[in-house]
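Here is what each chain is made of, one letter per residue.
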Amino acid sequence: TPSPTSTSTATSTPTPTRTFTPTPIPPLPALYVDGAYVKRSDTRQIVLLKGVNVVDFSGKDPNTFANLYNYHGLKKVVTEKWGMNLMRVVLDPEWVESHLPEIDKLVAFANVNGIYIILTPFPSSLNPARNEDKLPVPDNIVVDTMGRLAEYYKDSTNVLYALWNEPHPDSLWQ
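These lines cover the structure that appears in this document, whether it is placed above or below. No experiment lies behind these values; they were computed from the predicted model shown.

1. Considerations on the overall build of the protein chain
A count of helices and strands for the protein chain gives four helices and six strands. When the helices and strands of the protein chain are placed in sequence order, the string is β-β-β-α-α-β-α-β-α-β. Long-range contacts, defined as pairs at least 24 residues apart, comprise 69% of the intrachain contacts of the protein chain with a sequence gap of at least 6. Working note: accessible area of the protein chain is about 11,700 Å², and carbon and sulfur atoms make up 56% of it.

2. Regarding the pairing of strand 2 (residues 37–40)
Relative to strand 2, strand 1 (residues 31–34) is paired through four bridges, and the arrangement is antiparallel. If you follow Y32 over to strand 2, its bridge partner there is K39. Once strand 1 ends, the chain turns through two residues before running back antiparallel as strand 2, passing G35 with a positive phi of about 65°.

3. Focus on helix 3 (residues 96–112)
The end-to-end C-alpha separation of helix 3 is 23 Å, in line with the 24 Å expected for 17 residues at 1.5 Å each. In helix 3, a bend of some 40° at E102 exceeds every other bend along the element. Along helix 3, the residues classified as buried are V96, H99, L100, E102, I103, L106, V107, F109, A110 and N111. Looking at the packing, one finds that the buried side of helix 3 touches helix 1 (65–70), helix 2 (74–79), strand 4 (86–91), strand 5 (116–121), helix 4 (140–152) and strand 6 (159–161). Downstream of helix 3 by one or two residues, G114 has phi in the positive range, about 70°.

4. Observations concerning the packing of aromatic side chains
Applying the stated criterion across every chain, the model contains four aromatic pairs. Here F65 and F109 contribute two aromatic rings whose centre-to-centre distance is 5.2 Å and whose plane-to-plane angle is 55°, an arrangement assigned as tilted. Taken together, the positions of F65 in helix 1 and F109 in helix 3 put the pair 44 residues apart, joining distant regions of the chain. Per residue, the accessibility class of F65 equals that of F109, and both read buried. Ring centres 4.7 Å apart and planes at 85° place the aromatic pair Y152 and Y153 in the edge-to-face group.

5. Description of the packing of helix 3 against helix 4
Put simply, helix 3 and helix 4 touch, their axes get as near as 13 Å, and they point 30° apart. On the basis of their axis angle, the class for helix 3 and helix 4 is roughly parallel. In this structure, the crossing between helix 3 and helix 4 has a hand that is right-handed. For the pair formed by helix 3 and helix 4, the contact residues are V96, E97, L100 and D104 on the first element and T145, R148, L149 and Y152 on the second. Considering only residue class, the contact of helix 3 with helix 4 consists of four nonpolar, one polar and three charged.

6. Some words on unusual backbone geometry
Although it is not a glycine, R44 adopts a positive phi angle of roughly 65°. Mapped onto the fold, R44 is located in the loop between strand 2 and strand 3 (51–54). We classify R44 as exposed; its relative accessible area is 53%. One non-glycine residue, K81, lies in the positive phi region at around 55°. On the basis of relative accessibility, which here comes to 69%, the residue K81 falls in the exposed class.

Reading guide: rules and limits
- Residues numbered from 1 in each chain as written.
- Predicted model: local features only at pLDDT ≥ 70, side-chain atom pairs only at ≥ 80, totals over all residues.
- Heavy atoms only, no water.
- Helix = DSSP H or I, 4+ residues; strand = E, 2+ residues; numbered from the N terminus.
- Contact = heavy atoms within 4.5 Å.
- Areas by Shrake-Rupley, 256 points an atom, 1.4 Å probe, with all protein chains shown as cover.
- Pairing = 2+ DSSP bridges.
- Expected span 1.5 Å × (residues − 1).
- Bend = angle between axes of the 7 residues up to and from the residue.
- Buried < 20%, exposed > 50% of the residue type's maximum accessible area, 1.4 Å probe, protein only.
- Phe/Tyr/Trp six-rings, centres within 6.5 Å; stacked < 30°, edge-to-face > 60°.
- Axes fitted to C-alpha atoms, helices over the stretch in contact; angles between N-to-C directions.
- Parallel < 35°, antiparallel > 145°, perpendicular 65-115°, else oblique.
- Left-handed = near helix turned anticlockwise from the far one by under 90°.
- Nonpolar A, V, L, I, M, F, W, Y, C, P; charged D, E, K, R; others polar.

Here's what the structure looks like:
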(Lines give C-alpha, C1' and ligand atoms only; values in the text may rest on other atoms or scores of the structure.)
Protein backbone atom coordinates (compact mmCIF):
# COMPACT_ATOMS: atom_id res chain seq x y z
CA THR A 1 0.00 0.00 0.00
CA PRO A 2 1.32 3.36 -0.85
CA SER A 3 1.96 5.63 2.04
CA PRO A 4 0.02 8.83 2.13
CA THR A 5 2.00 11.83 1.02
CA SER A 6 1.67 14.92 3.01
CA THR A 7 1.11 18.08 1.13
CA SER A 8 1.87 21.16 3.04
CA THR A 9 0.11 24.29 2.12
CA ALA A 10 2.09 27.36 2.82
CA THR A 11 0.04 29.87 4.67
CA SER A 12 1.23 33.38 4.44
CA THR A 13 0.59 35.97 7.03
CA PRO A 14 -1.44 38.75 5.47
CA THR A 15 0.27 42.07 5.37
CA PRO A 16 -1.82 44.63 7.17
CA THR A 17 -3.32 47.13 4.81
CA ARG A 18 -2.86 50.71 5.81
CA THR A 19 -5.91 52.80 5.49
CA PHE A 20 -5.68 56.52 5.53
CA THR A 21 -8.46 58.51 7.00
CA PRO A 22 -8.26 62.14 6.02
CA THR A 23 -8.39 64.61 8.84
CA PRO A 24 -11.75 66.30 8.57
CA ILE A 25 -11.45 69.93 7.63
CA PRO A 26 -13.49 72.10 9.92
CA PRO A 27 -15.77 74.55 8.20
CA LEU A 28 -14.80 78.18 8.15
CA PRO A 29 -16.53 80.15 10.87
CA ALA A 30 -19.71 81.88 9.87
CA LEU A 31 -19.41 85.64 9.43
CA TYR A 32 -21.76 88.34 10.64
CA VAL A 33 -22.03 92.11 10.32
CA ASP A 34 -21.58 94.31 13.37
CA GLY A 35 -22.05 97.95 12.40
CA ALA A 36 -19.46 98.69 9.73
CA TYR A 37 -17.48 95.49 10.34
CA VAL A 38 -17.61 91.88 9.21
CA LYS A 39 -16.70 89.57 12.10
CA ARG A 40 -16.05 85.89 12.75
CA SER A 41 -18.80 84.19 14.70
CA ASP A 42 -16.35 82.11 16.76
CA THR A 43 -13.90 84.79 17.94
CA ARG A 44 -15.84 87.99 17.25
CA GLN A 45 -12.70 89.35 15.52
CA ILE A 46 -12.93 91.67 12.53
CA VAL A 47 -12.32 89.98 9.17
CA LEU A 48 -10.87 91.84 6.22
CA LEU A 49 -12.06 90.16 3.06
CA LYS A 50 -9.84 90.38 -0.01
CA GLY A 51 -10.11 88.38 -3.15
CA VAL A 52 -10.89 87.96 -6.79
CA ASN A 53 -13.84 88.06 -9.16
CA VAL A 54 -14.74 84.75 -10.84
CA VAL A 55 -16.89 85.05 -13.96
CA ASP A 56 -16.32 81.48 -15.14
CA PHE A 57 -19.77 80.21 -14.12
CA SER A 58 -21.92 82.89 -15.72
CA GLY A 59 -22.50 81.69 -19.28
CA LYS A 60 -24.06 78.90 -21.25
CA ASP A 61 -20.73 77.11 -21.69
CA PRO A 62 -18.86 77.83 -18.48
CA ASN A 63 -15.36 76.83 -17.65
CA THR A 64 -14.97 73.91 -15.30
CA PHE A 65 -13.42 74.14 -11.87
CA ALA A 66 -10.35 72.38 -13.31
CA ASN A 67 -9.99 75.11 -15.95
CA LEU A 68 -10.38 77.82 -13.33
CA TYR A 69 -7.70 76.16 -11.19
CA ASN A 70 -5.20 75.18 -13.86
CA TYR A 71 -5.53 77.87 -16.54
CA HIS A 72 -7.22 80.89 -15.03
CA GLY A 73 -4.85 81.53 -12.14
CA LEU A 74 -6.57 80.00 -9.10
CA LYS A 75 -3.71 77.52 -8.59
CA LYS A 76 -1.17 80.36 -8.66
CA VAL A 77 -3.13 82.50 -6.22
CA VAL A 78 -3.50 79.66 -3.71
CA THR A 79 -0.08 78.01 -4.00
CA GLU A 80 1.79 81.31 -3.83
CA LYS A 81 -0.18 82.29 -0.73
CA TRP A 82 -1.44 85.64 -1.97
CA GLY A 83 -3.60 85.98 1.14
CA MET A 84 -6.89 85.81 -0.72
CA ASN A 85 -9.84 84.84 1.46
CA LEU A 86 -12.80 85.70 -0.81
CA MET A 87 -14.00 84.74 -4.27
CA ARG A 88 -16.88 86.67 -5.77
CA VAL A 89 -18.60 84.20 -8.10
CA VAL A 90 -20.72 85.71 -10.87
CA LEU A 91 -23.90 83.73 -11.55
CA ASP A 92 -26.55 83.91 -14.24
CA PRO A 93 -29.60 82.65 -12.33
CA GLU A 94 -30.92 80.95 -15.47
CA TRP A 95 -27.84 78.71 -15.66
CA VAL A 96 -27.12 77.92 -12.00
CA GLU A 97 -28.66 74.44 -12.05
CA SER A 98 -26.49 73.28 -14.95
CA HIS A 99 -23.35 74.74 -13.33
CA LEU A 100 -24.03 73.44 -9.81
CA PRO A 101 -21.58 70.48 -9.92
CA GLU A 102 -18.72 72.85 -10.79
CA ILE A 103 -19.85 75.42 -8.21
CA ASP A 104 -19.88 72.59 -5.62
CA LYS A 105 -16.24 71.82 -6.43
CA LEU A 106 -15.33 75.48 -6.04
CA VAL A 107 -17.16 75.77 -2.70
CA ALA A 108 -15.40 72.65 -1.33
CA PHE A 109 -12.00 73.82 -2.60
CA ALA A 110 -12.55 77.25 -1.10
CA ASN A 111 -13.44 75.85 2.32
CA VAL A 112 -10.30 73.66 2.39
CA ASN A 113 -8.20 76.72 1.50
CA GLY A 114 -9.79 79.15 3.98
CA ILE A 115 -11.71 81.08 1.33
CA TYR A 116 -15.23 82.45 1.49
CA ILE A 117 -17.42 82.45 -1.63
CA ILE A 118 -19.92 85.22 -2.34
CA LEU A 119 -22.49 84.13 -4.92
CA THR A 120 -23.53 87.19 -6.93
CA PRO A 121 -26.47 87.14 -9.34
CA PHE A 122 -26.10 89.11 -12.58
CA PRO A 123 -28.48 89.93 -15.41
CA SER A 124 -28.47 87.32 -18.14
CA SER A 125 -25.69 87.57 -20.69
CA LEU A 126 -27.57 85.14 -22.93
CA ASN A 127 -31.26 85.95 -22.62
CA PRO A 128 -32.06 89.32 -24.28
CA ALA A 129 -35.30 89.61 -22.30
CA ARG A 130 -33.29 89.58 -19.05
CA ASN A 131 -30.14 91.46 -20.07
CA GLU A 132 -28.63 94.38 -18.19
CA ASP A 133 -30.73 97.03 -19.94
CA LYS A 134 -34.02 95.25 -19.24
CA LEU A 135 -33.29 93.97 -15.77
CA PRO A 136 -31.90 96.77 -13.61
CA VAL A 137 -33.07 95.03 -10.42
CA PRO A 138 -33.61 91.39 -9.40
CA ASP A 139 -36.73 89.66 -10.66
CA ASN A 140 -38.54 86.57 -9.37
CA ILE A 141 -36.11 84.23 -11.16
CA VAL A 142 -33.22 85.78 -9.24
CA VAL A 143 -35.11 85.68 -5.94
CA ASP A 144 -36.11 82.04 -6.47
CA THR A 145 -32.62 80.94 -7.55
CA MET A 146 -30.84 82.68 -4.69
CA GLY A 147 -33.36 81.22 -2.22
CA ARG A 148 -32.72 77.72 -3.55
CA LEU A 149 -28.95 78.28 -3.37
CA ALA A 150 -29.25 79.47 0.23
CA GLU A 151 -31.20 76.31 1.11
CA TYR A 152 -28.75 74.10 -0.79
CA TYR A 153 -25.64 75.61 0.85
CA LYS A 154 -27.21 76.25 4.26
CA ASP A 155 -24.56 74.14 6.01
CA SER A 156 -21.63 75.69 4.11
CA THR A 157 -20.42 78.46 6.39
CA ASN A 158 -18.03 79.73 3.72
CA VAL A 159 -20.85 80.65 1.30
CA LEU A 160 -22.15 84.22 1.34
CA TYR A 161 -24.80 85.81 -0.89
CA ALA A 162 -24.99 89.11 -2.74
CA LEU A 163 -28.37 90.65 -3.53
CA TRP A 164 -27.58 91.97 -6.99
CA ASN A 165 -24.69 93.28 -9.04
CA GLU A 166 -24.62 97.05 -9.47
CA PRO A 167 -28.25 98.15 -9.66
CA HIS A 168 -28.75 100.90 -12.22
CA PRO A 169 -29.17 104.50 -11.07
CA ASP A 170 -32.39 104.77 -13.05
CA SER A 171 -33.92 101.76 -11.29
CA LEU A 172 -36.54 101.98 -8.57
CA TRP A 173 -34.13 100.18 -6.22
CA GLN A 174 -32.74 102.99 -4.07
